[in-house]
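# An overview of the molecular structure
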Amino acid sequence: MTIQSENSWRPRPVTNRQITYATVLAFLAWAFAVYDFILFGILLPEIGKDQGLDSAEQATLVTWMSIGAVVLGLLAGPVVDKFGRKAGVAVTTAGAGVASALTALAGVVPAWGLVAIRSLSGLGLSEQGVNGAYLSELYGASDDPRIKKRQGFIYSLVQGGWPVGAILAAALTAVMLPIIGWAGCFLFAAVPSLVIALLARKLRESPQFEAVRKLRQLQSLGARREAEQLAVTLGVEESETRSTLADIFRGSGLRTTLSLGLGHILNYFPVQVFSVLGTTVLINVHHVSFTNSLVILLMSNVIAYLGYLTHGFLGDRFGRRNVIAAGWVTGGLVFTAMIYGPSNFWTVVALYSIGTFFLIGPYSCVLFFVGESYETRIRGRGAAFVAAVGPIGAILSSALAATLLSNHGTWATAAFLFGAVPCTLSGLAVLFSRKRQSVAAPVRAGRHARKTEPAI
């Protein structure tokens, strides 16, 4: 290759058709990753019966699975930064599919084997981090002003795969469990994820990663001068194309990692208390019947989807950091009112729904904002790390709540200390991140382009 040919190289423009395909596929990948996650929670009692595990042993099993999922989830970052965003989508989605398929063996494998199998679900859960990194780059490279203006709202449709996956898991399990059994339900759940992983091969790689990969090729060939000239032409940093996990704890990445990582961990406290253990809280705090608590949870999934769209829309206009912080702080205050307010059914319904709106809704901004907050070379690692460490909060909240309850505490106190308070603190933690971020588009960068620093 000649220097001239390298200087004339540009990533291909991103088309609206490519963006539409990536958006739809990312939505489906996330929805079915959630499907696998929720399905296991629904069918755990059935698996426990087959393995002869009591409720305490099942809880211990889930704790070890959660730890394993955090560790496996971190593997998505190196894949995304080394092999590309397309590869990240394929690997994380396939991880959810493989986890579902192998879970069908739960009746014949020992408990430690099931822990290893379900740890693979961590790859599926990290898929939201991969989506945030990939789509923030793809939308940032678009020349369509409509996409540029509404990219956060568009991403909120993708993140809305959570309530869609949860509802699908509950509905399809109710229909299929009597017919094909719990093992058959897991085999059925594996199919869509594996098909989506294959379809990921047709995704358009992000121009930002294409530029980094091109520079790496030149560096590996020893063409340092050509690499430097191409870097200037593309407006990217030639000297920093390679990365390690440690890089997200250096320079500008440190502030992002600490603020958003801590915020995500803290926010998983209320997610665990008010979402995963929602029926338990409602029954014990306000003596809502089990049937009515299920109705409230079903309504909350609808409210959560509206929360995604609303916060995605507001994030485009007022800045994602501010919208995330305001939502989580408000959510903590509303849940406090729900805990200590009257036990009137409709009052509980209203406050629980509003609290869920502000707790879950900001996630349409969170993962996209995380993707925007890191440099291209560490975007995958940073997004995967923030997504993976969140479940640590769920583990801690369950352990702390169990300790409090075993020492004569009440569910109201547990929900307040390990749900409402961390929810508010998570919003405050996010405020320490950088205010506004944007992902550079190397497609439009001129020969003398300069990197612009995000506003503080």
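A brief structural summary. Numbering of residues starts from 1 in every chain and runs along the sequence as written. It should be noted that, the model being predicted, local features are given only for residues of pLDDT at least 70 and side-chain atom pairs only at 80 or more, the latter also being counted only at that level, while totals for whole chains, interfaces and linings use all residues. With hydrogens and water set aside, each side-chain value is computed from the structure's full complement of heavy atoms.

## Quick word on the nonpolar core
Residues Leu 135, Tyr 139, Phe 186, Phe 274, Ile 339, Tyr 352 and Tyr 363 are the most contacted members of the largest nonpolar core, which totals 100 residues. With 15 residues, helix α2 (residues 16–51) is the single largest residue contributor to this core. Residues are treated as being in contact if the distance between any of their heavy atoms lies within 4.5 Å. Each residue touching Phe 274, except ones within four places of it in the same chain, is listed here: Val 281, Phe 335, Met 338, Ile 339, Tyr 352, Leu 359, Ala 415, Gly 419 and Ala 420. We define the nonpolar core as a collection of buried residues of types Ala, Val, Leu, Ile, Met, Phe, Trp, Tyr and Cys that are connected through side-chain atoms lying within 4.5 Å of one another. Only protein chains enter the area calculation, which uses a 1.4 Å probe; residues under 20% of their type maximum are buried, those over 50% are exposed, and those in between are partly exposed. In this structure, Leu 215, Leu 218, Ala 223 and Ala 231 belong to the second largest nonpolar core, which totals six residues. For helices the rule is a DSSP run of H or I covering at least 4 residues; for strands it is a run of E covering at least 2, with both sets numbered from the N terminus onward.

## What about the packing of aromatic side chains?
Aromatic pairs are defined between Phe, Tyr and Trp rings, using the six-membered ring for Trp, whenever the two ring centres lie within 6.5 Å; interplanar angles under 30 degrees are classed as stacked, those over 60 as edge-to-face, and all others as tilted. Summed over the entire model, instances satisfying the criterion amount to 15 aromatic pairs. A centroid spacing of 5.9 Å and a plane angle of 40° characterise the contact between Trp 30 and Trp 162, whose relative ring orientation is tilted. With a gap of 132 residues between them, Trp 30 in helix α2 and Trp 162 in helix α10 (residues 161–199) connect regions that are remote in the sequence. The pair Trp 30 / Trp 162 is uniform in exposure class, with both members buried. For the pair Trp 182 and Phe 186, a centre-to-centre distance of 6.2 Å together with 80° between the ring planes defines the contact as edge-to-face. Separated by four residues within a single helix, Trp 182 and Phe 186 lie in helix α10, roughly one turn from each other. Trp 182 sits in the buried class, given a relative accessible area of 11%.

## Quick look at the pattern of salt bridges
Oppositely charged side chains are able to pair whenever their charged atoms sit close together. When a carboxyl oxygen of Asp or Glu is within 4 Å of a side-chain nitrogen of Lys or Arg, the pair counts as a salt bridge. Scanning the model with the defined rule gives 11 salt bridges in all. One salt bridge connects Glu 210 with Arg 12, and the closest N-O pair in it is separated by 3.9 Å. Separated by 198 residues along the polypeptide, Glu 210 in helix α11 (residues 207–220) and Arg 12 in the loop between α1 (3–7) and α2 bring together distant segments of the chain. With relative accessibility at 48%, the residue Arg 12 sits in the partly exposed group. With a closest N to O distance of 2.9 Å, Arg 204 and Glu 210 form a salt bridge. Given a relative accessible area of 4%, Arg 204 falls into the buried group. Taken together, the shared-partner salt bridges connect Asp 81, Arg 85, Glu 137, Arg 379 and Arg 381 into one network.

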